[in-house]
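Residues per chain, in single letters:
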Amino acid sequence: IPSSSPHDFDIISIEDATAPQSSATYEYDARDFTFDGDYGFLLDARGLTILHISDYVTLSKVSSLSLPNIAENIKIDYPYAYITNHDGFFIVDISIPDQPVQESMIYQPLYGEISFKGELVAVSDGILHFIDVSDKENPCILKHNYGEIKSRKAIFSRQYLFVADGGLSIYRVH
């Protein structure tokens with residue numbers, strides 16, 4: 001179902017999978033969106049918008065947090081949101097949804113897909129970057145022994161990291 005405009009965020013009901021219907025449209029230039037509990041986390045040209053989702057039709061804005069440049073990707077590991085854009089990597093404390101706080105930022109373009117396992121975050125933006133987030137106020141990009149791992153997407157599963165790199169590579173993570 002096409003959205004009402006290229007900058008709208010549509011909620012599509014698939015209650016009848018043979019006839020999906022738009023159940024709500026919101027005017028956001030959505031880049032990425034994810035859920036955690038009763039909240040939705042939307043990235044748009046302005047930054048992070050936190051929405052309360054009561055019934056997946058009625059969304060109410062709880063708060064927003066401006067970020068430099070256009071945020072591209074978000075993953076939630078409550079109480080933190082990991083966000084990437086062309087300016088860097090952000091850690092945002094979302095423990096109080098109506099008062100999100102930017103904890104830290106790494107000033108390096110990291111605008112790719114995000115995956116995490118515990119205190120290790122992987123960002124895939126053509127090259128795979130590993131970030132130690134054990135200290136939320138001072139995350140650091142780790143050096144690794146694999147050289148430059150080309151990647152389109154990386155996903156942690158148990159003690160493995162699966163990397164789409166033109167094929168599929170699997171790395172054991174300790």
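Up top is the structure these notes are about.
What you see is a predicted model; the values in this text were computed from it and never measured. (Residues numbered from 1 in each chain as written. Predicted model: local features only at pLDDT ≥ 70, side-chain atom pairs only at ≥ 80, totals over all residues. Heavy atoms only, no water.)

1. Considering the sheet that holds strand β10 (residues 101–106)
Counted only if it meets this: Should DSSP find at least two bridges between two strands, the strands are regarded as paired. Secondary structure follows DSSP: runs of H or I at least 4 residues long count as helices, runs of E at least 2 residues long count as strands, and numbering of each begins at the N terminus. Think of each axis as a best-fit line through the C-alpha atoms, taken over the contacting stretch in the case of a helix, with angles from 0 to 180 degrees between the N-to-C directions.
An order of β7-β8-β9-β10 is seen for the 4 strands of this open sheet, with the pairing classed as antiparallel. Unpaired on one side and paired on the other, β7 (71–77) and β10 mark the two borders of the sheet. Pairs of neighbouring strands in the sheet enclose a mean axial angle of 20°, with direction left out of account. Relative to strand β8 (residues 80–85), β7 runs antiparallel, the two being bridged by 6 bridges. Bridged to A71 within β8 is N85.

2. Observations regarding the nonpolar core
The cut-off we apply is this: We call a set of buried Ala, Val, Leu, Ile, Met, Phe, Trp, Tyr and Cys residues a nonpolar core when their side-chain atoms join them within 4.5 Å. In this scheme, a residue with accessible area under 20% of its type's maximum is buried, one over 50% is exposed, and one in between is partly exposed, where area comes from a 1.4 Å probe on protein chains only. It only takes one pair of heavy atoms within 4.5 Å for two residues to be counted as in contact.
Ranked by internal contacts, the top residues of the largest apolar core, which has 15 residues, are F41, L48, I74, I83, V92 and I94. Sorting the residues of this core by element identifies β4 (39–44), β5 (47–53), β7, β8 and β9 (88–93) as the ones contributing at least two each. In terms of residue count, the dominant contributor to this core is β7 (3 residues). The contacts of I74, once residues within four sequence positions are left out, are D32, F33, T34, F41, L43, L48, A81, Y82, I83 and I114.

3. With respect to the sheet that holds β5
Spatially, 4 strands are ordered β3-β4-β5-β6 in an open sheet, and the strand pairing comes out antiparallel. Of all strands in the sheet, those bounded by a partner on one side alone are β3 (32–36) and β6 (59–66). Ignoring strand direction, the axes of neighbouring strands in this sheet form an average angle of 20°. Bridge analysis of β5 against β6 gives 7 bridges, and the strand direction is antiparallel. Each residue of the ladder has a partner; that of T49, found in β6, is S64.

4. Focus on the packing of aromatic side chains
Let me state the cut-off plainly: Ring pairs are drawn from Phe, Tyr and Trp, using the six-membered ring of Trp, whenever the two centres fall within 6.5 Å, and their geometry is named by plane angle: stacked under 30 degrees, edge-to-face over 60, tilted for the rest. In this analysis the charged atom, NZ for Lys or CZ for Arg, is taken to sit over a ring once it is within 6 Å of the ring centre and within 35 degrees of the ring normal.
Evaluated as defined, the whole model comprises 3 aromatic pairs. When the ring of Y82 is compared with that of F89, the centres are 5.9 Å apart and the planes differ by 15°; the resulting orientation is stacked. Each residue in the set Y82, F89 and F116 is aromatic and connected to the rest through ring pairs, giving one cluster. Its end group placed over the ring of Y80, K136 keeps NZ or CZ at 5.2 Å from the ring centre.

5. What about the environment of P109?
Tracing the sequence through the fold places P109 in the loop between β10 and β11 (113–117). Judged by its relative accessible area of 46%, P109 is partly exposed. Separated by 24 residues in sequence, P109 and N85 have C-alpha atoms that sit 6.5 Å apart. When near neighbours in sequence (up to four residues on either side) are disregarded, P109 contacts N85, H86, D87, G88 and D125.

6. Regarding the pattern of salt bridges
Short version of the rule: Basic side-chain nitrogens of Lys or Arg form a salt bridge, by our definition, when they fall within 4 Å of a carboxyl oxygen of Asp or Glu.
The full count for this structure, using the stated rule, is 2 salt bridges. Note that R46 and D44 form a salt bridge whose closest N and O atoms lie 2.8 Å from each other. D44 gets classed as buried once you look at its relative accessible area, which sits at 0%. A salt bridge links K136 to E119; the nearest nitrogen and oxygen atoms lie 3.0 Å apart. Of this pair, K136 sits in the loop between β13 (126–132) and β14 (140–142) while E119 sits in the loop between β11 and β12 (120–124), and the two are 17 residues apart along the sequence. On the basis of relative accessible area, K136 is assigned to the buried category, the value being 13%.

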